Amino acid sequence: MPETITITDDRTGKQVTVPITNGVFPASAVRELDPSLFIYDPAYMQTAACRSSITYLDGDNGILRYRGYPIEQLAEKSTFLEVAYLLLNGDLPNAEQLKQWTLDVTHHTFVHENMRKRFLDGFHYDAHPMGMFVSSMAALGTFYPEAKNVLDKGSRDQQILRLIAKTPTIAAMCHRFSVGLPFVYPDNDISFPANFLNMMWKIGDYEVDPRLERAMDVLFILHADHEQNCGTTSMRVVGSSQADPYSAAAAAASALYGPLHGGANEAVVRMLADIGSIENVPAFIEDVKSGKAGSRLMGFGHRVYKNYDPRARIIKEVAYGVFEVTGKNPLLDIALKLEEAALNDDYFKSRKLYPNVDFYSGLIYQAMGFPAEMFTVLFAIPRTVGWLAHWQEMLTDKEQKISRPRQWYTGVDERDYVPLGSR
Ligand code: CMC
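Residues numbered from 1 in each chain as written. Predicted model: local features only at pLDDT ≥ 70, side-chain atom pairs only at ≥ 80, totals over all residues. Heavy atoms only, no water.

The protein is annotated in an unreviewed UniProt entry as citrate synthase (unknown stereospecificity) of freshwater metagenome. UniProt lists a comment for the protein under the heading Pathway (unreviewed entry), and it reads "Carbohydrate metabolism; tricarboxylic acid cycle; isocitrate from oxaloacetate: step 1/2." Within the UniProt record for the protein, the comment given under Sequence similarities (unreviewed entry) is "Belongs to the citrate synthase family." (UniProt positions renumbered as here; feature names shortened; annotations may be inferred.)

A. Examining unusual backbone geometry more closely. A positive phi angle, close to 50°, is found at Asn-22, a residue other than glycine. By the secondary structure assignment, Asn-22 is in the loop between β2 (15–19) and α1 (28–33). Taking the relative accessible area as the measure of exposure, Asn-22 reaches 78% and is therefore exposed. (Helix = DSSP H or I, 4+ residues; strand = E, 2+ residues; numbered from the N terminus. Buried < 20%, exposed > 50% of the residue type's maximum accessible area, 1.4 Å probe, protein only.)

B. Here's a closer look at the packing of helix α3 (residues 80–89) against helix α4 (residues 95–106). Close contact between α3 and α4 brings their axes to 10 Å; oriented N to C, the two are set at 100°. By the angle between their axes, α3 is roughly perpendicular relative to α4. Listed contacts from α4 to Leu-81, Glu-82, Ala-84, Tyr-85 and Leu-88 of α3 are Gln-97, Leu-98, Trp-101, Thr-102 and Val-105. When grouped by side-chain class, the residues that make up the contact of α3 with α4 number 7 nonpolar, 2 polar and 1 charged. (Axes fitted to C-alpha atoms, helices over the stretch in contact; angles between N-to-C directions. Parallel < 35°, antiparallel > 145°, perpendicular 65-115°, else oblique. Contact = heavy atoms within 4.5 Å. Nonpolar A, V, L, I, M, F, W, Y, C, P; charged D, E, K, R; others polar.)

C. Region of interest: a nonpolar patch on the surface. Taken together, Val-179, Leu-181 and Ile-203 make up a surface patch of nonpolar side chains, about 250 Å² in accessible area. Taking relative accessible area as the criterion, Val-179 reaches 46% and is therefore assigned partly exposed. (Patch = residues over 30% accessible without salt bridge, like charges linked within 9 Å, V, L, I, M, F, W, Y side chains within 5 Å. Areas by Shrake-Rupley, 256 points an atom, 1.4 Å probe, with all protein chains shown as cover. Salt bridge = Lys/Arg side-chain N within 4 Å of Asp/Glu carboxyl O.)

D. Highlighting the packing of aromatic side chains. Counted according to the given criterion, the structure contains 17 aromatic pairs. Aromatic side chains Phe-300 and Phe-348 sit 6.1 Å apart centroid to centroid with 70° between the ring planes, which places their arrangement in the edge-to-face category. With Phe-300 in the loop between α13 (281–290) and α14 (310–326) and Phe-348 in helix α16 (residues 346–350), this residue pair connects regions lying 48 residues apart in the sequence. The exposure class assigned to Phe-300 is buried, which follows from its relative accessible area of 10%. By the ring-pair criterion, three or more aromatic residues cluster together here, those being Phe-80, Phe-192, Phe-196, Trp-201, Phe-220, Tyr-365, Phe-370 and Phe-375. The ring of Tyr-347 has Arg-351 lying over it, and the distance from NZ or CZ to the ring centre is 3.8 Å. (Phe/Tyr/Trp six-rings, centres within 6.5 Å; stacked < 30°, edge-to-face > 60°. Lys NZ or Arg CZ within 6 Å of the ring centre and 35° of its normal.)

E. Molecular detail of the domain arrangement of the protein. Assigned domains within the protein: domain 1 (4–39) and domain 2 (52–398). Taking the mean C-alpha position of each, domain 1 and domain 2 sit 39 Å from one another. (Domains from an automatic or database assignment.)

F. Inspection of the sheet that holds strand β5 (residues 69–70) at higher detail. The 3 strands are arranged β3-β4-β5 in an open sheet whose pairing can be described as antiparallel. The open sheet has two edge strands with one neighbour each: β3 (55–58) and β5. (Pairing = 2+ DSSP bridges.)

G. Inspection of helix α11 (residues 245–257) at higher detail. Compared with an ideal rise of 1.5 Å per residue, which puts 13 residues at 18 Å, α11 spans 18 Å between its outermost C-alpha atoms and is within 8% of the ideal. Close packing links the buried residues of α11 with α6 (129–141), α7 (153–179), α10 (230–239) and α18 (375–395). Measuring from the backbone nitrogen of Tyr-246 back to the side-chain oxygen at the start of α11 gives 2.9 Å, which picks out Asp-244 as the cap. (Expected span 1.5 Å × (residues − 1). Polar contact = N/O pair within 3.5 Å; in protein donor to acceptor, adjacent residues only side chain to side chain.)

H. Just the pairing of β3, in detail. Pairing analysis gives 4 bridges linking β3 to strand β4 (residues 63–66), with the strands arranged antiparallel. Within β4, the residue paired with Thr-55 across the bridge is Tyr-66. If you look at the hairpin formed by β3 and β4, you'll find 4 residues sitting between the two strands, and Gly-62 has a positive phi there, around 65°.

I. Local environment of the environment of Leu-64. When you line up the elements, Leu-64 lands in strand β4. Take Leu-64: its relative accessible area is 1%, and that puts it in the buried class. Taking the C-alpha atoms as reference points, Leu-64 and Arg-311, separated by 247 residues in sequence, lie 8.2 Å from one another. Once residues within four sequence positions are removed from consideration, Leu-64 is found in contact with Thr-55, Tyr-56, Leu-57, Tyr-69, Pro-70, Ile-71, His-226, Tyr-305, Pro-310 and Arg-311.

This is the structure in C-alpha coordinates:
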(Lines give C-alpha, C1' and ligand atoms only; values in the text may rest on other atoms or scores of the structure.)
Protein backbone atom coordinates (compact mmCIF):
# COMPACT_ATOMS: atom_id res chain seq x y z
CA MET A 1 0.00 0.00 0.00
CA PRO A 2 1.49 3.39 -0.96
CA GLU A 3 2.32 5.63 2.02
CA THR A 4 1.13 8.72 0.19
CA ILE A 5 -1.95 10.86 -0.08
CA THR A 6 -3.25 12.58 -3.20
CA ILE A 7 -5.40 15.68 -2.91
CA THR A 8 -7.46 16.81 -5.86
CA ASP A 9 -8.80 20.31 -6.30
CA ASP A 10 -12.10 19.60 -8.03
CA ARG A 11 -12.33 23.20 -9.20
CA THR A 12 -9.20 22.93 -11.32
CA GLY A 13 -8.51 19.21 -11.50
CA LYS A 14 -5.01 19.85 -10.11
CA GLN A 15 -3.61 17.02 -7.98
CA VAL A 16 -0.82 16.95 -5.44
CA THR A 17 0.65 13.76 -3.95
CA VAL A 18 2.69 13.88 -0.75
CA PRO A 19 4.12 11.22 1.59
CA ILE A 20 2.43 10.13 4.81
CA THR A 21 5.00 9.66 7.58
CA ASN A 22 3.88 8.23 10.92
CA GLY A 23 0.32 9.21 10.09
CA VAL A 24 1.21 12.81 9.23
CA PHE A 25 1.29 14.55 5.87
CA PRO A 26 2.56 18.08 5.23
CA ALA A 27 0.06 20.93 4.83
CA SER A 28 2.42 22.29 2.17
CA ALA A 29 0.44 19.98 -0.14
CA VAL A 30 -2.50 22.36 0.19
CA ARG A 31 -0.24 25.36 -0.36
CA GLU A 32 1.11 23.73 -3.51
CA LEU A 33 -2.42 23.05 -4.73
CA ASP A 34 -3.57 26.64 -4.20
CA PRO A 35 -1.74 29.11 -1.92
CA SER A 36 -5.02 30.89 -1.14
CA LEU A 37 -6.61 27.69 0.21
CA PHE A 38 -6.70 27.05 3.99
CA ILE A 39 -7.68 24.17 6.24
CA TYR A 40 -10.40 24.87 8.80
CA ASP A 41 -9.45 23.03 11.99
CA PRO A 42 -10.90 24.56 15.18
CA ALA A 43 -8.97 23.61 18.33
CA TYR A 44 -6.25 22.05 16.11
CA MET A 45 -8.02 18.70 16.36
CA GLN A 46 -6.31 17.35 13.25
CA THR A 47 -3.23 19.57 13.12
CA ALA A 48 0.35 18.65 14.03
CA ALA A 49 1.94 22.07 14.54
CA CYS A 50 5.50 20.82 15.04
CA ARG A 51 7.85 17.88 14.99
CA SER A 52 8.87 16.93 18.52
CA SER A 53 11.17 14.29 19.98
CA ILE A 54 10.36 14.93 23.65
CA THR A 55 7.23 13.01 24.63
CA TYR A 56 5.44 10.13 22.93
CA LEU A 57 1.76 9.70 23.65
CA ASP A 58 -0.45 6.92 22.27
CA GLY A 59 -3.90 7.84 23.50
CA ASP A 60 -5.66 4.74 22.17
CA ASN A 61 -3.36 2.41 24.05
CA GLY A 62 -2.73 4.55 27.13
CA ILE A 63 1.03 4.88 26.50
CA LEU A 64 3.18 7.80 27.68
CA ARG A 65 6.97 7.97 27.26
CA TYR A 66 9.48 10.73 27.95
CA ARG A 67 12.34 10.52 25.42
CA GLY A 68 11.43 6.86 24.91
CA TYR A 69 11.29 5.86 28.59
CA PRO A 70 7.88 4.54 29.78
CA ILE A 71 6.33 6.81 32.40
CA GLU A 72 5.79 3.78 34.66
CA GLN A 73 9.56 3.11 34.84
CA LEU A 74 10.44 6.74 35.42
CA ALA A 75 7.81 7.06 38.18
CA GLU A 76 9.14 3.96 39.89
CA LYS A 77 12.90 4.40 39.52
CA SER A 78 13.76 7.98 38.71
CA THR A 79 13.73 11.38 40.40
CA PHE A 80 12.18 14.59 39.16
CA LEU A 81 15.51 16.34 38.62
CA GLU A 82 16.79 13.37 36.64
CA VAL A 83 13.63 13.45 34.52
CA ALA A 84 14.01 17.21 34.04
CA TYR A 85 17.52 16.64 32.69
CA LEU A 86 16.19 13.88 30.44
CA LEU A 87 13.40 16.02 29.00
CA LEU A 88 15.70 18.97 28.36
CA ASN A 89 18.75 17.09 27.08
CA GLY A 90 17.32 13.99 25.44
CA ASP A 91 19.17 11.41 27.54
CA LEU A 92 19.38 10.39 31.18
CA PRO A 93 22.36 12.00 32.93
CA ASN A 94 25.33 9.94 34.10
CA ALA A 95 26.35 10.24 37.76
CA GLU A 96 28.66 13.22 37.14
CA GLN A 97 26.11 15.06 34.99
CA LEU A 98 23.35 14.50 37.54
CA LYS A 99 25.56 15.79 40.34
CA GLN A 100 26.39 18.94 38.40
CA TRP A 101 22.78 19.46 37.27
CA THR A 102 21.48 19.08 40.83
CA LEU A 103 24.11 21.53 42.06
CA ASP A 104 23.24 24.02 39.31
CA VAL A 105 19.49 23.90 40.01
CA THR A 106 20.09 24.10 43.75
CA HIS A 107 22.16 27.25 43.31
CA HIS A 108 19.28 29.12 41.74
CA THR A 109 16.50 28.46 44.25
CA PHE A 110 16.51 31.92 45.86
CA VAL A 111 14.51 34.79 44.37
CA HIS A 112 15.28 38.49 44.58
CA GLU A 113 14.05 40.00 47.85
CA ASN A 114 11.96 42.50 45.91
CA MET A 115 9.85 39.64 44.55
CA ARG A 116 8.88 38.81 48.10
CA LYS A 117 8.77 42.20 49.77
CA ARG A 118 7.56 44.49 47.04
CA PHE A 119 5.86 42.38 44.41
CA LEU A 120 3.92 39.72 46.34
CA ASP A 121 3.03 42.19 49.07
CA GLY A 122 0.99 44.13 46.52
CA PHE A 123 -1.60 41.38 46.19
CA HIS A 124 -4.90 41.47 48.02
CA TYR A 125 -4.96 39.21 51.09
CA ASP A 126 -7.30 36.68 49.42
CA ALA A 127 -5.63 36.60 45.98
CA HIS A 128 -5.76 33.17 44.32
CA PRO A 129 -2.27 31.56 44.54
CA MET A 130 -2.41 30.58 40.87
CA GLY A 131 -3.10 34.20 39.88
CA MET A 132 -0.11 35.23 41.99
CA PHE A 133 2.01 32.47 40.47
CA VAL A 134 1.18 33.46 36.87
CA SER A 135 2.04 37.11 37.52
CA SER A 136 5.20 36.19 39.46
CA MET A 137 6.52 34.16 36.51
CA ALA A 138 6.30 37.21 34.26
CA ALA A 139 7.63 39.55 36.97
CA LEU A 140 10.65 37.31 37.54
CA GLY A 141 11.81 38.00 33.98
CA THR A 142 12.22 41.70 34.76
CA PHE A 143 15.18 40.81 37.01
CA TYR A 144 17.04 39.22 34.09
CA PRO A 145 17.16 41.57 31.07
CA GLU A 146 19.61 39.17 29.36
CA ALA A 147 16.74 36.67 29.17
CA LYS A 148 15.67 38.48 26.01
CA ASN A 149 18.65 36.93 24.17
CA VAL A 150 16.58 33.88 23.35
CA LEU A 151 18.73 32.95 20.36
CA ASP A 152 21.80 32.63 22.57
CA LYS A 153 22.17 29.11 23.95
CA GLY A 154 24.12 30.26 27.01
CA SER A 155 21.38 32.68 27.99
CA ARG A 156 18.67 30.09 27.33
CA ASP A 157 20.40 27.54 29.56
CA GLN A 158 20.72 30.09 32.32
CA GLN A 159 17.03 31.00 32.24
CA ILE A 160 16.06 27.33 32.14
CA LEU A 161 17.98 26.72 35.37
CA ARG A 162 16.51 29.77 37.02
CA LEU A 163 12.94 28.94 36.09
CA ILE A 164 13.14 25.31 37.21
CA ALA A 165 14.84 26.24 40.49
CA LYS A 166 12.69 29.24 41.37
CA THR A 167 9.17 27.98 40.59
CA PRO A 168 8.92 25.94 43.84
CA THR A 169 10.13 28.97 45.81
CA ILE A 170 7.54 31.21 44.16
CA ALA A 171 4.81 28.59 44.58
CA ALA A 172 5.50 28.25 48.30
CA MET A 173 5.68 32.03 48.67
CA CYS A 174 2.25 32.40 47.05
CA HIS A 175 0.80 29.94 49.55
CA ARG A 176 2.47 31.46 52.61
CA PHE A 177 1.31 34.91 51.54
CA SER A 178 -2.28 33.73 51.12
CA VAL A 179 -2.36 32.28 54.66
CA GLY A 180 -0.36 35.13 56.20
CA LEU A 181 2.65 33.06 57.24
CA PRO A 182 6.24 34.32 57.03
CA PHE A 183 8.17 33.05 54.03
CA VAL A 184 10.68 30.24 54.43
CA TYR A 185 13.93 30.52 52.46
CA PRO A 186 15.05 27.57 50.31
CA ASP A 187 17.14 24.92 52.03
CA ASN A 188 19.78 23.85 49.54
CA ASP A 189 20.91 20.88 51.62
CA ILE A 190 17.79 18.84 50.98
CA SER A 191 16.24 17.36 47.83
CA PHE A 192 14.15 19.32 45.32
CA PRO A 193 10.77 17.97 46.57
CA ALA A 194 11.83 18.11 50.24
CA ASN A 195 12.88 21.74 49.84
CA PHE A 196 9.49 22.57 48.35
CA LEU A 197 7.60 20.81 51.16
CA ASN A 198 9.82 22.53 53.70
CA MET A 199 9.13 25.98 52.22
CA MET A 200 5.41 25.16 52.26
CA TRP A 201 5.02 23.78 55.75
CA LYS A 202 7.93 24.71 57.95
CA ILE A 203 6.84 26.15 61.26
CA GLY A 204 9.08 25.34 64.22
CA ASP A 205 10.59 21.84 64.05
CA TYR A 206 8.93 20.63 60.86
CA GLU A 207 10.69 17.68 59.20
CA VAL A 208 9.75 16.34 55.79
CA ASP A 209 8.37 12.78 55.89
CA PRO A 210 10.46 10.80 53.34
CA ARG A 211 7.33 9.00 52.08
CA LEU A 212 5.65 12.32 51.28
CA GLU A 213 8.88 13.61 49.77
CA ARG A 214 8.92 10.63 47.40
CA ALA A 215 5.20 10.99 46.62
CA MET A 216 5.76 14.66 45.74
CA ASP A 217 8.68 13.70 43.50
CA VAL A 218 6.59 11.07 41.68
CA LEU A 219 3.77 13.58 41.18
CA PHE A 220 6.32 16.02 39.77
CA ILE A 221 7.60 13.33 37.38
CA LEU A 222 4.08 12.48 36.18
CA HIS A 223 3.25 16.13 35.47
CA ALA A 224 6.57 17.12 33.88
CA ASP A 225 5.45 16.95 30.25
CA HIS A 226 2.51 15.96 28.11
CA GLU A 227 3.42 17.04 24.58
CA GLN A 228 1.29 19.66 22.81
CA ASN A 229 -1.35 20.38 25.45
CA CYS A 230 -2.97 23.82 25.79
CA GLY A 231 -0.28 25.20 28.15
CA THR A 232 2.67 23.89 26.13
CA THR A 233 1.12 25.15 22.92
CA SER A 234 0.81 28.58 24.56
CA MET A 235 4.50 28.41 25.50
CA ARG A 236 5.43 27.59 21.92
CA VAL A 237 3.14 30.22 20.39
CA VAL A 238 4.28 33.03 22.69
CA GLY A 239 7.90 31.86 22.53
CA SER A 240 7.73 31.88 18.73
CA SER A 241 7.62 35.69 18.82
CA GLN A 242 10.98 35.46 20.66
CA ALA A 243 9.44 36.80 23.88
CA ASP A 244 11.60 35.96 26.91
CA PRO A 245 10.88 32.56 28.54
CA TYR A 246 9.45 34.11 31.74
CA SER A 247 6.73 35.88 29.74
CA ALA A 248 6.12 32.75 27.67
CA ALA A 249 5.95 30.57 30.81
CA ALA A 250 3.48 33.03 32.37
CA ALA A 251 1.29 32.56 29.28
CA ALA A 252 1.62 28.78 29.55
CA ALA A 253 0.72 28.92 33.25
CA SER A 254 -2.33 31.05 32.41
CA ALA A 255 -3.50 28.39 29.98
CA LEU A 256 -2.95 25.74 32.64
CA TYR A 257 -5.08 27.73 35.09
CA GLY A 258 -8.34 26.95 33.25
CA PRO A 259 -10.68 24.27 34.67
CA LEU A 260 -10.59 22.25 31.45
CA HIS A 261 -6.80 21.96 31.76
CA GLY A 262 -4.70 22.03 34.96
CA GLY A 263 -7.49 23.65 36.92
CA ALA A 264 -9.39 20.36 36.76
CA ASN A 265 -7.71 18.93 39.88
CA GLU A 266 -9.17 21.75 41.97
CA ALA A 267 -12.55 21.30 40.26
CA VAL A 268 -12.52 17.54 41.00
CA VAL A 269 -12.16 18.01 44.74
CA ARG A 270 -14.88 20.66 44.77
CA MET A 271 -17.12 18.33 42.74
CA LEU A 272 -16.52 15.41 45.14
CA ALA A 273 -17.27 17.63 48.13
CA ASP A 274 -20.49 18.81 46.44
CA ILE A 275 -21.57 15.21 45.80
CA GLY A 276 -21.12 14.70 49.52
CA SER A 277 -21.67 10.94 49.87
CA ILE A 278 -21.58 7.77 47.77
CA GLU A 279 -25.40 7.52 47.83
CA ASN A 280 -25.53 10.68 45.70
CA VAL A 281 -23.21 9.31 43.00
CA PRO A 282 -25.88 7.75 40.71
CA ALA A 283 -27.94 10.95 40.72
CA PHE A 284 -24.83 13.02 39.97
CA ILE A 285 -23.92 10.77 37.02
CA GLU A 286 -27.46 11.23 35.65
CA ASP A 287 -27.13 15.01 36.07
CA VAL A 288 -23.85 15.04 34.15
CA LYS A 289 -25.36 12.98 31.33
CA SER A 290 -28.43 15.17 31.04
CA GLY A 291 -26.35 18.34 31.30
CA LYS A 292 -28.30 19.27 34.44
CA ALA A 293 -25.22 19.29 36.65
CA GLY A 294 -24.11 22.29 34.63
CA SER A 295 -20.65 20.79 34.33
CA ARG A 296 -18.79 17.73 33.24
CA LEU A 297 -17.50 14.87 35.28
CA MET A 298 -14.28 16.66 36.17
CA GLY A 299 -11.13 14.56 36.00
CA PHE A 300 -12.64 12.43 33.23
CA GLY A 301 -11.99 12.55 29.51
CA HIS A 302 -9.04 13.72 27.48
CA ARG A 303 -8.43 15.06 23.99
CA VAL A 304 -5.82 12.39 23.27
CA TYR A 305 -6.39 9.51 25.72
CA LYS A 306 -9.24 7.32 24.67
CA ASN A 307 -8.13 4.79 27.27
CA TYR A 308 -7.15 4.92 30.95
CA ASP A 309 -4.60 7.73 31.41
CA PRO A 310 -1.44 5.88 32.54
CA ARG A 311 -0.65 8.74 34.92
CA ALA A 312 -4.02 8.29 36.65
CA ARG A 313 -3.21 4.63 37.28
CA ILE A 314 0.11 5.52 38.95
CA ILE A 315 -1.43 8.39 40.91
CA LYS A 316 -4.10 6.07 42.29
CA GLU A 317 -1.31 3.85 43.70
CA VAL A 318 0.58 6.87 45.07
CA ALA A 319 -2.64 7.97 46.78
CA TYR A 320 -2.81 4.82 48.88
CA GLY A 321 0.83 5.31 49.97
CA VAL A 322 0.14 8.91 50.97
CA PHE A 323 -3.01 7.99 52.88
CA GLU A 324 -0.94 5.56 54.98
CA VAL A 325 0.92 8.63 56.26
CA THR A 326 -1.84 11.22 56.32
CA GLY A 327 -4.94 9.09 56.91
CA LYS A 328 -7.46 8.41 54.16
CA ASN A 329 -9.03 11.34 52.40
CA PRO A 330 -12.77 10.99 53.14
CA LEU A 331 -13.53 11.96 49.52
CA LEU A 332 -11.70 8.84 48.26
CA ASP A 333 -14.77 6.59 48.62
CA ILE A 334 -16.86 8.99 46.58
CA ALA A 335 -14.13 9.13 43.92
CA LEU A 336 -13.89 5.33 43.73
CA LYS A 337 -17.67 4.97 43.48
CA LEU A 338 -17.81 7.69 40.83
CA GLU A 339 -15.08 6.03 38.80
CA GLU A 340 -16.79 2.65 39.02
CA ALA A 341 -20.17 4.10 38.05
CA ALA A 342 -18.75 6.04 35.09
CA LEU A 343 -16.65 3.17 33.77
CA ASN A 344 -19.78 1.01 33.70
CA ASP A 345 -22.05 3.58 32.14
CA ASP A 346 -22.75 3.58 28.39
CA TYR A 347 -22.53 7.37 28.14
CA PHE A 348 -18.90 7.36 29.32
CA LYS A 349 -18.00 4.03 27.68
CA SER A 350 -19.25 5.04 24.25
CA ARG A 351 -17.35 8.33 24.40
CA LYS A 352 -14.22 6.60 25.74
CA LEU A 353 -14.11 8.81 28.82
CA TYR A 354 -11.68 7.52 31.45
CA PRO A 355 -10.10 9.09 34.56
CA ASN A 356 -7.31 11.48 33.66
CA VAL A 357 -4.30 12.71 35.67
CA ASP A 358 -6.45 15.16 37.63
CA PHE A 359 -8.99 12.69 38.98
CA TYR A 360 -6.92 11.42 41.91
CA SER A 361 -4.13 14.01 42.22
CA GLY A 362 -6.34 16.52 44.07
CA LEU A 363 -7.19 13.89 46.70
CA ILE A 364 -3.49 13.37 47.40
CA TYR A 365 -2.77 17.08 47.55
CA GLN A 366 -5.69 17.60 49.90
CA ALA A 367 -4.56 14.76 52.17
CA MET A 368 -1.09 16.31 52.26
CA GLY A 369 -2.64 19.54 53.50
CA PHE A 370 -2.56 21.66 50.34
CA PRO A 371 -5.55 23.98 49.96
CA ALA A 372 -7.51 23.45 46.72
CA GLU A 373 -6.30 26.82 45.38
CA MET A 374 -2.75 25.44 45.34
CA PHE A 375 -3.48 22.36 43.22
CA THR A 376 -2.88 23.97 39.85
CA VAL A 377 0.26 25.63 41.19
CA LEU A 378 1.48 22.13 42.10
CA PHE A 379 0.88 21.11 38.49
CA ALA A 380 2.73 24.17 37.17
CA ILE A 381 5.96 23.53 39.13
CA PRO A 382 6.98 20.38 37.23
CA ARG A 383 5.24 21.37 33.97
CA THR A 384 7.64 24.31 33.77
CA VAL A 385 10.26 21.75 32.72
CA GLY A 386 8.07 20.51 29.87
CA TRP A 387 7.33 24.07 28.74
CA LEU A 388 11.05 24.85 28.68
CA ALA A 389 11.96 21.66 26.83
CA HIS A 390 9.43 22.55 24.13
CA TRP A 391 10.51 26.19 24.11
CA GLN A 392 14.14 25.32 23.34
CA GLU A 393 13.09 22.65 20.84
CA MET A 394 10.92 25.23 19.04
CA LEU A 395 13.64 27.90 18.99
CA THR A 396 16.19 25.52 17.50
CA ASP A 397 13.78 24.04 14.94
CA LYS A 398 14.63 25.48 11.52
CA GLU A 399 11.10 24.76 10.28
CA GLN A 400 9.46 26.96 12.93
CA LYS A 401 8.54 30.63 12.50
CA ILE A 402 6.34 33.00 14.43
CA SER A 403 2.98 31.27 15.02
CA ARG A 404 0.30 32.85 12.97
CA PRO A 405 -2.76 30.77 12.01
CA ARG A 406 -5.21 31.95 9.38
CA GLN A 407 -8.94 32.49 9.81
CA TRP A 408 -12.16 31.80 7.95
CA TYR A 409 -13.75 35.24 7.83
CA THR A 410 -17.52 34.98 8.37
CA GLY A 411 -18.35 38.65 8.97
CA VAL A 412 -20.23 41.06 6.73
CA ASP A 413 -18.85 42.41 3.46
CA GLU A 414 -17.74 45.99 3.09
CA ARG A 415 -20.45 48.54 3.94
CA ASP A 416 -20.59 52.33 4.39
CA TYR A 417 -20.52 54.03 7.77
CA VAL A 418 -23.98 55.13 8.94
CA PRO A 419 -24.08 58.44 10.88
CA LEU A 420 -25.44 58.22 14.46
CA GLY A 421 -28.74 60.00 13.74
CA SER A 422 -29.56 57.62 10.87
CA ARG A 423 -29.08 54.31 12.76
N1 CMC B 1 -17.91 14.58 31.47
C2 CMC B 1 -19.00 14.37 30.70
N3 CMC B 1 -18.96 14.35 29.36
C4 CMC B 1 -17.78 14.56 28.78
C5 CMC B 1 -16.61 14.78 29.51
C6 CMC B 1 -16.71 14.80 30.92
N7 CMC B 1 -15.64 15.01 31.67
N8 CMC B 1 -15.57 14.98 28.66
C9 CMC B 1 -16.07 14.87 27.44
N10 CMC B 1 -17.42 14.60 27.49
C11 CMC B 1 -18.33 14.35 26.38
C12 CMC B 1 -18.67 15.62 25.62
O13 CMC B 1 -19.83 16.22 26.14
C14 CMC B 1 -18.84 15.11 24.23
O15 CMC B 1 -20.10 14.48 24.14
P16 CMC B 1 -21.00 14.60 22.79
O17 CMC B 1 -20.18 13.91 21.75
O18 CMC B 1 -22.28 13.95 23.12
O19 CMC B 1 -21.12 16.08 22.53
C20 CMC B 1 -17.79 14.01 24.10
O21 CMC B 1 -17.59 13.53 25.45
C22 CMC B 1 -16.46 14.46 23.54
O23 CMC B 1 -16.01 15.56 24.31
P24 CMC B 1 -15.21 16.80 23.74
O25 CMC B 1 -15.55 18.01 24.51
O26 CMC B 1 -15.37 16.85 22.26
O27 CMC B 1 -13.73 16.34 24.05
P28 CMC B 1 -12.45 17.27 24.04
O29 CMC B 1 -11.35 16.44 23.55
O30 CMC B 1 -12.72 18.55 23.35
O31 CMC B 1 -12.28 17.63 25.59
C32 CMC B 1 -11.54 17.61 27.81
C33 CMC B 1 -11.30 17.07 26.40
C34 CMC B 1 -10.40 17.15 28.73
C35 CMC B 1 -11.52 19.15 27.79
C36 CMC B 1 -12.89 17.10 28.33
O37 CMC B 1 -12.90 15.69 28.37
C38 CMC B 1 -13.28 17.68 29.69
O39 CMC B 1 -13.82 18.78 29.76
N40 CMC B 1 -12.97 16.93 30.81
C41 CMC B 1 -13.23 17.46 32.14
C42 CMC B 1 -12.11 18.43 32.52
C43 CMC B 1 -10.84 17.68 32.85
O44 CMC B 1 -10.82 16.71 33.58
N45 CMC B 1 -9.73 18.23 32.32
C46 CMC B 1 -8.38 17.70 32.60
C47 CMC B 1 -7.77 17.12 31.37
S48 CMC B 1 -6.32 16.14 31.69
C49 CMC B 1 -5.13 17.22 32.33
C50 CMC B 1 -4.83 18.36 31.46
O51 CMC B 1 -4.73 18.27 30.24
O52 CMC B 1 -4.62 19.42 32.02
